[in-house]
Amino acid sequence: MATLASFSSRLGAVVRELASKKGPGGWYGRHMAAAERAILERIPLVDLVVEVRDARIPSTSAFKCLRKACCSHKQVIVLNKVDLADNFLTERWLKHFKNQNYITYGLNAHNKDSIKELLRILRARVKELKVGESNYTATILLTGIPNVGKSAIANSMHQIGRIGAAEKGKLKHAVVNPHPGETKDISSYKIASHPNLYVLDSPGILRLKIAHNDMGAKLALTGAMEDFLIGEYDLARYFLAILNLSEEYKRWEKLKDTLDDTLSSVSLEKHVVGRETVQRKSRQYPSDHTQDFIVKDVRQTLFKTISSFEGHLEEENNMEKIIESQFIALQEALKVSSESSEDRYKAVAVKLLNLYRTGRLGRYTLDLVSSEV
């Protein structure tokens, strides 16, 4: 799509330019270079390497240096955040990686059943690699780019894994943060006993060189680098271009236009007291854009702006027009009120990006299945 390519090209060019900057203005500094060296040095010493990728960008989020540093029999590819990606395309990607002779699995790091199955897969694979050994201790290295959920997976495996209560109480937890780059060092967490399994959580690494602009734009939109480096407004515009050209908005056509309910600051909650159901008023907070009534309003607003637009969105000037109209309309839907238009646009952008990244505005897979691993 030429229009989308234009948006991603401009955004990706900014990302690639940032790679050359040193210090606080860029995203690749000495700490990331040192972490990359530490990970590569650790790979030959561990029993298994789990590469965590973002299910929305299974190719773009690849940890490229693993291609030469780790053979496929020692590597497992995990697609995290499947709850944010298109189900059909996720299945196609999983099949693609399996055809490349990789053990692969798709999960949601916050879903207990997903983590249990991942633990089963890892224990089975380690047992295969340790054939003939009985009382062994194995280490598993989690690797990947920033913000793909490595620390969340490490924590979930620790909490669910077969570890005694006394041990759980003594072990620290990996710091989980929606912002990239929170993990600074390689840390060890016990995730299973009999045999003992340890997982090593490592810092997220983005390579200094990004192959093309489209890749840079996808990395930025999915949160692999800090938003302020790129600009929230430009990131939100890119997301709106993706949404406007997709079919996702059509799912919101049947939302009932209950204006009084959705815009009211008070709603009724039902509580059971004894044998009677009592209705109580509960406050709704317009400043909290994650509340259902605001999300519904945002969906309605986006549906109306797209479905009523008469121009061809494949033309770049038409895409610019509709995005401008959406930013204006979303100020009311998101309850944004600031003095300057710049502040209002940024506030809309920040809230819109959050709703996209938490799956409130649909599921999107940005990478199409190709021969790339």
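Before going into details, it helps to say that this report is about the structure given with it. (Residues numbered from 1 in each chain as written. Predicted model: local features only at pLDDT ≥ 70, side-chain atom pairs only at ≥ 80, totals over all residues. Heavy atoms only, no water.)

Inspection of the secondary structure puts Leu45 in the loop between helix 2 (30-42) and strand 1 (48-54). Put simply, Leu45 and Ile140 are 95 residues apart on the chain and 9.8 Å apart in space, counted from C-alpha to C-alpha. (Helix = DSSP H or I, 4+ residues; strand = E, 2+ residues; numbered from the N terminus.)

A few words on the nonpolar core. Core analysis: the largest hydrophobic core is formed by 96 residues, its most contacted members being Ile153, Met157, Leu219, Ile230, Phe239, Leu243 and Val298. Considering every element that reaches this core, the biggest residue donor is helix 10 (residues 232-244), with eight residues. With sequence-adjacent residues up to four places away left out, Ile230 is seen in contact with Leu11, Val15, Leu18, Ala220, Met225 and Leu235. One finds Ala55, Ile77, Ala85 and Phe97 within the second-largest nonpolar core, a separate group that totals nine residues. (Core = buried A, V, L, I, M, F, W, Y, C linked by side-chain atoms within 4.5 Å. Buried < 20%, exposed > 50% of the residue type's maximum accessible area, 1.4 Å probe, protein only. Contact = heavy atoms within 4.5 Å.)

This brings us to the sheet that holds strand 4 (residues 137-143). On the basis of which strands lie adjacent, the open sheet formed by six strands has the order 3-2-1-4-6-5 and mixed pairing. Each of the sheet's edge strands pairs with one partner strand only, and the pair in question is strand 3 (103-107) and strand 5 (187-192). Neighbour to neighbour, the strand axes of the sheet diverge by 25 degrees on average, direction disregarded. Across four bridges, the pairing between strand 1 and strand 4 is parallel. Opposite Val50, over in strand 4, you have Leu142 as the bridge partner. (Pairing = 2+ DSSP bridges. Axes fitted to C-alpha atoms, helices over the stretch in contact; angles between N-to-C directions.)

Positionally, Leu366 belongs in the segment after helix 14 (341-357). As for Leu366 and Thr60, which are separated by 306 residues in sequence, their C-alpha atoms are 9.0 Å apart. In this structure, Leu366 is in contact with Arg56, Ile57, Lys218, Leu221, Thr222, Ile242 and Tyr356, ignoring residues within four places of it in sequence.

Where helix 13 (residues 316-333) meets helix 14, the closest approach of the two axes is 10 Å, and the angle between their N-to-C directions is 85 degrees. By the angle between their directions, the pair helix 13 and helix 14 is classed as roughly perpendicular. Packed against helix 13, whose contacting residues are Glu324, Phe327, Ile328, Leu330 and Gln331, the element helix 14 presents Arg344, Tyr345, Val348, Ala349 and Leu352 at the interface. Split by residue class, the contact of helix 13 with helix 14 holds seven nonpolar, one polar and two charged. (Parallel < 35°, antiparallel > 145°, perpendicular 65-115°, else oblique. Nonpolar A, V, L, I, M, F, W, Y, C, P; charged D, E, K, R; others polar.)

Attention now goes to the packing of aromatic side chains. As enumerated under the stated definition, the model contains eight aromatic pairs in all. Between Arg10 and the ring centre of Phe7, over which it is positioned, the NZ or CZ distance is 4.9 Å. (Phe/Tyr/Trp six-rings, centres within 6.5 Å; stacked < 30°, edge-to-face > 60°. Lys NZ or Arg CZ within 6 Å of the ring centre and 35° of its normal.)

Before going further, it helps to spend a moment on the packing of helix 12 (residues 292-307) against helix 13. Across the interface, helix 12 lies against helix 13 with an axial gap of 10 Å and an inter-helix angle of 155 degrees. Compared by their axis directions, helix 12 and helix 13 come out roughly antiparallel. Crossing of helix 12 against helix 13: the hand is right-handed. In this structure, helix 12 contributes Ile294, Asp297, Val298, Thr301, Leu302, Thr305 and Ile306 to the contact, and helix 13 contributes Ile322, Gln326, Ala329, Leu330 and Ala333. (Left-handed = near helix turned anticlockwise from the far one by under 90°.)

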